[in-house]
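Remarks on the overall topology
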Amino acid sequence: LGRPNEALNLIAPGFKRNQKTGALILNTAAGSLLAVRAAARGQLGEDGIPDAQAAVRLAPDDEFASLTLASLLQRTGASDKAIKVLQTALGRDPKNGDLCAVLVDDYEINGQSKEAELELLKLIKLDPRAVRHRYRLARFYLTRSQADMAEKVLRQAIQDLPDVAE
């Protein structure tokens, strides 16, 4: 992690170059690698956003690239941009529970409770047997002084998942 450029530089000879400019012609594999470099830079306190943006451009279906960019944007206080990145990624992969769960976090950080609630409900529909999503929704309601809703969610979980509730 101390030398985030090394990985990209090591694989650069394996990529084709533009005959006129000599620039690397990058693809989705390079995009994934840029996402790793962006994450490393972010961990080192450096600006990894340009690398993460390039990663998302090169590998738009790479979940890690989108999550990395959203995380780096969130750290800089650009919550709205982080949310937009996650929404775009979910537009391409609407059943991705990991993207959905991070979007819930970002909505909550941004004070968008209704959107967070809707995403939590979506998570439950995506994975109805995942008790953690129901627990998270119940906790969401409890932190908003909606104990009756939290109880309803937990009772529904017991009814829907009797084998888990035992």
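Our structure is the block above this text.
Numbers given for residues are sequential positions, taken from 1 along each chain in its written order. Only residues with pLDDT of 70 or above have their local features reported here, since the model is predicted, and side-chain atom pairs are shown and tallied only from 80 upward, although totals for entire chains, interfaces and linings are computed over all residues. With hydrogens and water excluded, all non-hydrogen atoms of the structure serve as input to the side-chain values.

**Some words on the overall build of the chain**
- Strands here mean DSSP runs of E at least two residues long; helices mean DSSP runs of H or I at least four residues long; both are numbered from the N terminus. Scanning the chain from terminus to terminus reveals 10 helices and zero strands.
- Counting helices and strands in the order they occur from the N terminus, the chain gives α-α-α-α-α-α-α-α-α-α.
- By the burial criterion, 39% of the 166 residues in the chain qualify as buried.
- Contacts: residue pairs with any heavy atoms within 4.5 Å of one another. Pairs at least 24 apart in sequence give 46% of the contacts found in the chain among residues at least 6 apart.
- Under the convention used here, a 1.4 Å probe and the Shrake-Rupley method define accessible areas, while residue burial counts only the protein chains that appear. As presented, the chain carries roughly 9,900 Å² of accessible surface, and 54% of it is formed by carbon and sulfur atoms. Throughout, exposure labels follow a simple rule: accessible area from a 1.4 Å probe, protein chains only, divided by the maximum for the residue type, with under 20% read as buried, over 50% as exposed, and the rest as partly exposed.

**Quick notes on the pattern of salt bridges**
- We define a salt bridge as a contact between a side-chain nitrogen of Lys or Arg and a carboxyl oxygen of Asp or Glu at a distance within 4 Å. Under the counting rule described, the total for this entry stands at eight salt bridges.
- Note that Arg144 and Glu108 form a salt bridge whose closest N and O atoms lie 3.2 Å from each other. Remark: Glu108 occurs in helix H6 (residues 97–109) and Arg144 occurs in the loop between helix H8 (131–142) and helix H9 (147–160); sequence separation between them is 36 residues.
- The exposure class of Glu108 is partly exposed, given its relative accessible area of 31%.
- For Arg155, the salt bridge is made with Glu151, and the minimal N-O distance between the two is 2.8 Å. With Arg155 and Glu151 both in helix H9 and four residues apart, the pair spans about one turn of that helix.

**Here we look at the packing of aromatic side chains**
- Aromatic rings from Phe, Tyr and Trp, with only the six-membered ring used for Trp, were paired whenever their centres fell within 6.5 Å, and each pair was classed as stacked if the ring planes differed by under 30 degrees, edge-to-face if by over 60, and tilted otherwise. Counted according to the given criterion, the structure contains one aromatic pair.
- With a centroid separation of 5.7 Å and an interplanar angle of 70 degrees, the aromatic rings of Phe140 and Tyr141 are classed as edge-to-face. Each member of the pair, Phe140 as well as Tyr141, carries the same accessibility label: buried.

**Describing the side chain of Asp106**
- In this structure, Asp106 sits in helix H6.
- No salt bridge is formed by the buried Asp106, whose closest oppositely charged neighbour, Arg136, lies at an N-O distance of 8.5 Å.
- With near-sequence residues (within four places) excluded, Asp106 lies in contact with Ala70, Gln74, Ala82, Ile83 and Leu86. A positive count includes Lys and Arg, and a negative count includes Asp and Glu. His and the chain ends are not counted in either.

**Details of the layout of surface pockets**
- As defined here, a cavity is a set of points on a 1 Å grid over the protein atoms alone where a 1.4 Å probe fits but cannot get out. A pocket is an open set with protein on both sides within 12 Å along at least five of seven lines, and residues line them when an atom is within 4 Å of a point. Grid points are joined across faces, edges and corners, and a volume is the space filled by probe spheres set on the points. By volume, the largest pocket amounts to about 180 Å³.
- Forming the boundary of the largest pocket are Leu121, Ile124, Arg134, Leu137, Tyr141, Met149, Lys152, Val153 and Gln156.
- Sorting the residues of the lining of the largest pocket by element identifies helix H7 (113–126), H8 and H9 as the ones contributing at least two each.
- Top element by residues in the lining of the largest pocket is H9. It accounts for four residues.
- Nonpolar residues are Ala, Val, Leu, Ile, Met, Phe, Trp, Tyr, Cys and Pro. Charged residues are Asp, Glu, Lys and Arg, and all others, Gly as well, are polar. Residue composition of the lining of the largest pocket, by class: six nonpolar, one polar and two charged.

**A word on H7**
- Under the 1.5 Å per step criterion, the end-to-end length of H7 is 20 Å for 14 residues, consistent within 8% with the ideal 20 Å.
- All buried positions along H7 are accounted for by Ala116, Glu117, Glu119, Leu120, Leu123 and Ile124. Down the axis of H7, the sector holding all buried residues measures 165 degrees, keeping them to one side. Among the exposed residues of H7, those oriented more than 90 degrees off its buried face are Lys114 and Lys125.
- Contacts from the buried residues of H7 go to helix H5 (79–92), H6 and H8. One fewer than the residue count of a helix, multiplied by 1.5 Å, yields its expected span. The reported arc concerns the directions from the helix axis to the C-beta atoms and nothing else.

**Examining the nonpolar core**
- For our purposes a nonpolar core is just a set of buried Ala, Val, Leu, Ile, Met, Phe, Trp, Tyr and Cys residues, chained together by side-chain atoms within 4.5 Å. Counting residues in each nonpolar core, the largest one holds 34 residues, and the members touching the most others are Leu69, Leu73 and Leu137.
- Elements with a contribution of two residues or more to this core: helix H3 (49–58), helix H4 (63–75), H5, H6, H7, H8 and H9.
- The contacts of Leu137, once residues within four sequence positions are left out, are Glu117, Leu120, Leu121, Ile124 and Val153.

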